[in-house]
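Architecture and fold: a report
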Amino acid sequence: MEHLLSVDQLDRDDVEHLLAVARAAEPVARRRKVCRALEGAVLGNLFFEASTRTRMSFAAAFCRLGGSVCDTTGFTFSSMAKGESIHDTSRVISGYVDALVVRHPELGAVAQFAQATNIPVVNGGDGPGEHPSQALLDIYTIGKEFERLGKSIDGAHVALIGDLKHGRTVHSLIRLLSLYRDLRFTLIAPPGLEMPSELCEAVGARGHHLEMRQILRQPLEGLDVAYATRIQRERLIDETVEGYTPELRVDHAFLDACCGTDTALMHPLPRDSTPGANDLSTDLDKDPRLAIFRQSDSGVAVRMAIFATLLGVEQQLQGPLRDVTWRSPRRIGPDDAAFYTLDSIVCP
Ligand code: ASP
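Anyway, here's the lowdown on the structure attached to this text. The model shown is predicted, which means the values in this text are computed figures rather than measured ones. (Residues numbered from 1 in each chain as written. Predicted model: local features only at pLDDT ≥ 70, side-chain atom pairs only at ≥ 80, totals over all residues. Heavy atoms only, no water.)

Observations regarding unusual backbone geometry
The omega torsion of the bond from Leu269 to Pro270 falls at 5°, within 30 degrees of zero and hence cis. Its place among the elements puts Pro270 in the loop between β10 (264–266) and α9 (292–310). Each neighbour pair has its own omega, and for Gly319 with Pro320 the value is 0°, a cis peptide bond. Secondary-structure assignment places Pro320 in the loop between α9 and β11 (322–323). Despite not being glycine, Asp182 shows a phi value in the positive range, around 55°. Tracing the chain through its elements places Asp182 in the loop between α6 (168–177) and β7 (184–188). On the basis of relative accessibility, which here comes to 56%, the residue Asp182 falls in the exposed class. In the Ramachandran plot, Asn278 falls in the positive-phi region, its phi being about 60° despite a non-glycine side chain. With respect to the helices and strands, the residue Asn278 is situated in the loop between β10 and α9. On the accessibility criterion, Asn278 (7% relative accessible area) is buried. (Helix = DSSP H or I, 4+ residues; strand = E, 2+ residues; numbered from the N terminus. Buried < 20%, exposed > 50% of the residue type's maximum accessible area, 1.4 Å probe, protein only.)

Given below as structure tokens:
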């Protein structure tokens, strides 16, 4: 793998390899071991669109591998504001750093960065296009939730809920999940925000079963994962969203009435907490089925795996690695589930 631009580059073996490397990275990502595999290497983090999780977890992943990070955010303070092309920006920065993570509001723009350089480029989100590292961490999280519950991804029932038209995370996730076998997808979106038909056709052609709905509050039999997304307001151009009502809010009442006792509840985050947003409700925060923070935490190990693979240092994660010397809490968040502690992992 030269760059990571789209999940379409990956087959199931590639995914499983990356996820195995992420597992090996867990003791470092979860602050139990120290790794210096990328000591001396520098990452260029170029974010031309809003980001908290992706930008910071890529940076944290590179630092936890022993590297350091240079970054730029937004167009205003970059030479693109002076008319510089993607080609020139990419080539210039490639003279300074060893890998690039790029987020850009235009579909295909990150691939243009990759064309102008021989250093690895990772797509951190290209407009409504793709978000491959998010899909990998989503599958990693599903795998970990299922392992605890004794389930397998093959044959799972997954509901994708919300803005399925503009949400790049669900575009990448459904493609990547389609590499597994016999999945059942329930796609729940308000009118006008449905999953693009070409994606549904591609997934259906791989033998999976898809059902489209506009109503959330109906039983979802045998549901293993409910994956909610926010309305991507920044991508709505002259579009009004009809039917995005409180009935589409994923809350405790929905989970109890329509899902199962072991349904994992996921969201790529951020959840939109502004009044009237109807996004994932905070009334679920103490429910152990809420996997959103376990999911965002997984971002560091998975992004370490991406860098380690692209830069050829995966073996160094196998150890021996030295212990950390500082103190950290047993549980990261006060509402974290009882089974989820920083040391509930096996160090190699
Ligand atoms: N953080 C994700 C993304 O950048 C999801 C979102 O913004 O809704 O696509």
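Let us keep going from here.
Let's talk about the pattern of salt bridges
Taken as a whole, this structure holds 23 salt bridges when the rule is applied. Across the pair Glu26 and Arg30 runs a salt bridge, and its minimum N-O distance is 3.6 Å. As far as the burial class goes, Glu26 and Arg30 line up, both buried. Residue Asp154 is joined to Arg181 by a salt bridge in which the shortest nitrogen-to-oxygen separation is 3.4 Å. Placement of the pair is Asp154 in the loop between α5 (132–149) and β6 (157–161) and Arg181 in the loop between α6 and β7, with a sequence separation of 27 residues. (Salt bridge = Lys/Arg side-chain N within 4 Å of Asp/Glu carboxyl O.)

Here we look at the packing of aromatic side chains
On inspection of all chains with the given rule, the structure shows four aromatic pairs. Seen from their ring centres, Phe48 and Phe113 are 6.1 Å apart, and the 25° between their planes marks the pair as stacked. Here Phe48, found in the loop between β2 (42–47) and α2 (53–64), pairs with Phe113, found in helix α4 (residues 109–115); they are 65 residues apart in sequence, far enough to count as distant. The residues Phe48 and Phe113 share a single accessibility class, namely buried. When the ring centre of Phe339 is taken as reference, the NZ or CZ atom of Arg148 above it lies at 3.7 Å. Of note, Arg303 hangs over the ring of Phe58, and the distance from its end group to the ring centre comes to 4.7 Å. (Phe/Tyr/Trp six-rings, centres within 6.5 Å; stacked < 30°, edge-to-face > 60°. Lys NZ or Arg CZ within 6 Å of the ring centre and 35° of its normal.)

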